[in-house]
Structure formats: C-alpha cells, structure tokens
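One letter stands for each residue in the lines below.
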Amino acid sequence: MAKKIAVLVGSLRKESFNRKIANELSRLSSDGFDLEIIEIGNLPLYSEDLDQSPPQEWTDFRQKIKNSDGILVVSPEYNRTIPGALKNAIDVGSRPYGSSVWPGKPGAVVTSSISSLGGLAANHHIRQAFVFIDVPLMQQPEAYIGNSSQIWNDDGTAVEETQKFLKDWMGAYEKWVNGFSKS
Ligand code: FNR
C-alpha cells in the first residue's frame, strides 16, 4: 500500500509558491508515495479551554495526521520565523497533553522565499518545534528554495534545475520514511 504523507503548507495564499512546490513534490514522488495537503487554514486558534470539547476541525485534523505515515512541511518564512497558521496546526496536533498525534512520524522540512535566503530561519524554527513534538526529522539534504517567484515554467511546473533538486530531495525523504516502516 502507498505510504500516506501529510503535507502541511505554511501559506494560506491561493497562489502560494509553497503550495506549488508541494504540488511539484507530489508530482515528482514515487508511485509508492501518496502526498496529500492537509488544510490548516480552517483550524480555530488553539486554546486549552477547548480541550474538553474540541472543535470538529481539530478532531478531523488530528485524525488525518494519525492516519499518515509521514509529515512533510513546505513553508514560507514570516518575519524570520514560522507562519502563525503553521504554528497553530503544530500546537493543535500536540494536544490534549499526552495525546499528541506527532511522535514518531518521519518528517522533513522545505522552506522557500521570494528572497535568496530560502526561508532559512523559519526552516530551523520549524525544526526546533519538531524536536520537541518528537517528529524524527530528515537532517540532510536540507531544502531552502530561494527566489521562489522565479522558478516556474509557463505550464506551472518548476524549471529544470529546481525539478531535479526537488526530485532528488523527495527521493531522499522517501528513503527516510521507508526506514521507519512498521514491521
Ligand atoms: C513575508 N516574506 C518574508 N520572506 C522572507 O524571506 N523572510 C521573511 O521574514 C518574510 N516575512 C514575511 C512576512 C509576511 C507576513 C509575509 C506575507 C511575507 C515574503 C515571503 O517570502 C513571500 O511573501 C512568499 O511568497 C510567501 O510564500 P507563499 O505565500 O508564496 O507560499
């Protein structure tokens, strides 16, 4: 059966370059991998007050993460750190205390930016949170996609150099996930 990878896109923008990168990763992935973007824009802001009677959106989100075999984050950097919507999703999945859906899911992080820095700071801030929620993260290769507005062909695919990078990177992540296969 194909491995189900839950993809979290840190931008809520319709024409998001990160969403396009996530779609390219899906297109360039192997047959044995099924990437699905799990929407995070509809999640009410996390508050412990709601733990006793959680919003349906939280319950659905947590279930989708539970059902997945891996977590792939594709995100921009906002003000040199994690976009709020993505951080909220991380927090929602981590609670109620003792019932986090994250531990043990093999993860990886891609960041991109319209600048040349590729979202470096956000990438490492996401990694920091993932250490605490016990997501075993692929360390290498790293993925910082710079100049994200300029890497597209007219048909919406990424330019050749970026496609090659994304395909190789995805192959490395697939190996990482396969290393965690349930026996
Ligand atoms: C940005 N952007 C940005 N870029 C960057 O490299 N470092 C940063 O700290 C920020 N900060 C930031 C804050 C906010 C609120 C916005 C909206 C944007 C620019 C960012 O790289 C650009 O908008 C990307 O296009 C966002 O990704 P999507 O929406 O295209 O996926």
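As the structure is a computational prediction, the values presented were derived from the model and not from experiment.

Draft legend 1. Region of interest: the pairing of strand E4 (residues 107-112). Of all the six residues making up E4, six are buried; the element is thus mostly covered by neighbouring parts of the structure. In this sheet, E4 lies alongside strand E3 (residues 70-75) in parallel orientation, the contact comprising five bridges. The residue of E4 that forms the bridge with Ser 75 is Thr 111. Crossover handedness for the path E3 to helix H3 (residues 84-94) to E4: right-handed. Handedness of the crossover is the feature at issue here: the chain leaves E4, passes through helix H4 (residues 120-132), returns alongside strand E5 (residues 144-145), and the resulting connection is right-handed.

Draft legend 2. Representation of the nonpolar core in the model. Ranked by internal contacts, the top residues of the largest apolar core, which has 41 residues, are Val 7, Leu 8, Leu 72, Val 73, Val 74 and Ala 89. Listing elements by their share of this core, those giving two or more residues are strand E1 (3-9), helix H1 (17-28), strand E2 (33-37), E3, H3, E4, H4 and helix H5 (160-178). Setting aside its immediate chain neighbours within four residues, Ala 89 contacts Leu 8, Ile 40, Leu 43 and Phe 61.

Draft legend 3. Focus on H1. End to end, H1 covers 16 Å across twelve residues, agreeing with the expected 16 Å (1.5 Å per residue, within 8%). Listed as buried for H1 are Phe 17, Asn 18, Ile 21, Ala 22, Glu 24 and Leu 25. For H1, the buried positions fall inside an angular range of 160° around the axis, keeping them on one side. The inward-facing, buried residues of H1 contact E1, E2, E3, E4, E5 and H5.

Draft legend 4. Region of interest: the confidence of the model for the chain. Per-residue confidence for the chain gives a mean pLDDT of 97; residues scoring 70 or more make up 99%. Here the predicted complex carries an ipTM of 0.99, next to a pTM of 0.97.

Draft legend 5. The site of the ligand, seen in detail. Not every one of the 16 residues close to the ligand is listed here, only the nearest: Ser 11, Ser 16, Asn 18, Pro 76 and Ser 113. Residue composition of the shell around the ligand, by class: five nonpolar, eight polar and three charged.

Draft legend 6. Focus on unusual backbone geometry. Arg 95 connects to Pro 96 through a cis peptide bond whose omega is 0°. Checked against the element boundaries, Pro 96 lands in the loop between H3 and E4. Cis geometry is found at the peptide bond from Gln 140 to Pro 141, where omega equals -5°. With respect to the helices and strands, Pro 141 occurs in the loop between H4 and E5. Of note, Asn 79 is a non-glycine position whose phi angle comes to about 50°, a positive value.

Draft legend 7. View of the packing of helix H2 (residues 56-66) against H3. Axis separation between H2 and H3 bottoms out at 9 Å; the angle between their running directions is 80°. Put simply, H2 runs roughly perpendicular to H3. On H3, the residues touching Trp 58, Phe 61, Arg 62 and Ile 65 of H2 are Ala 89, Val 92 and Gly 93. Counted by class, the contact of H2 with H3 contains five nonpolar, one polar and one charged residues.

Thresholds applied
What you see as residue numbers is a count from 1 along each chain, following the sequence as written. Local features are withheld for residues below a pLDDT of 70 in this predicted model, meaning they are given only at 70 or higher, and side-chain atom pairs are given and counted only at 80 or more; totals for whole chains, interfaces and linings count all residues. Here a residue counts as buried when 20 or more other C-beta atoms sit within 10 Å of its C-beta, as exposed when there are 12 or fewer, and as partly exposed otherwise, the C-beta atoms being derived from the backbone. Helix and strand labels come from DSSP, where a helix needs a run of H or I of at least four residues and a strand needs a run of E of at least two; each type is numbered from the N terminus. In this scheme, strands are said to pair when DSSP sees at least two bridges between them. By convention, orient the strands away from the viewer: a clockwise path from the first strand over the helix to the second makes the crossover right-handed. Think of a nonpolar core as buried Ala, Val, Leu, Ile, Met, Phe, Trp, Tyr and Cys residues chained together by C-beta atoms that fall within 7 Å. We call two residues in contact if the C-beta atoms placed from their backbones are at most 7 Å apart. In a helix, the anticipated span is given by 1.5 Å times the number of residues less one. The directions considered for the arc run from the helix axis to the C-beta atoms. Confidence of the predictor in every single residue is expressed as pLDDT, which spans 0 to 100. Near, for a residue, is defined by distance from a backbone-placed C-beta atom to a molecule or strand, with 6 Å as the limit that must not be exceeded. Residues are grouped as follows: Ala, Val, Leu, Ile, Met, Phe, Trp, Tyr, Cys and Pro are nonpolar; Asp, Glu, Lys and Arg are charged; every other residue, Gly included, is polar. The axes used here are C-alpha line fits, helices contributing only the stretch in contact, and every angle between their N-to-C directions lies in the interval 0 to 180 degrees. Should an angle fall under 35 degrees it is called roughly parallel, over 145 degrees roughly antiparallel, and 65 to 115 degrees roughly perpendicular, with every other angle called oblique.

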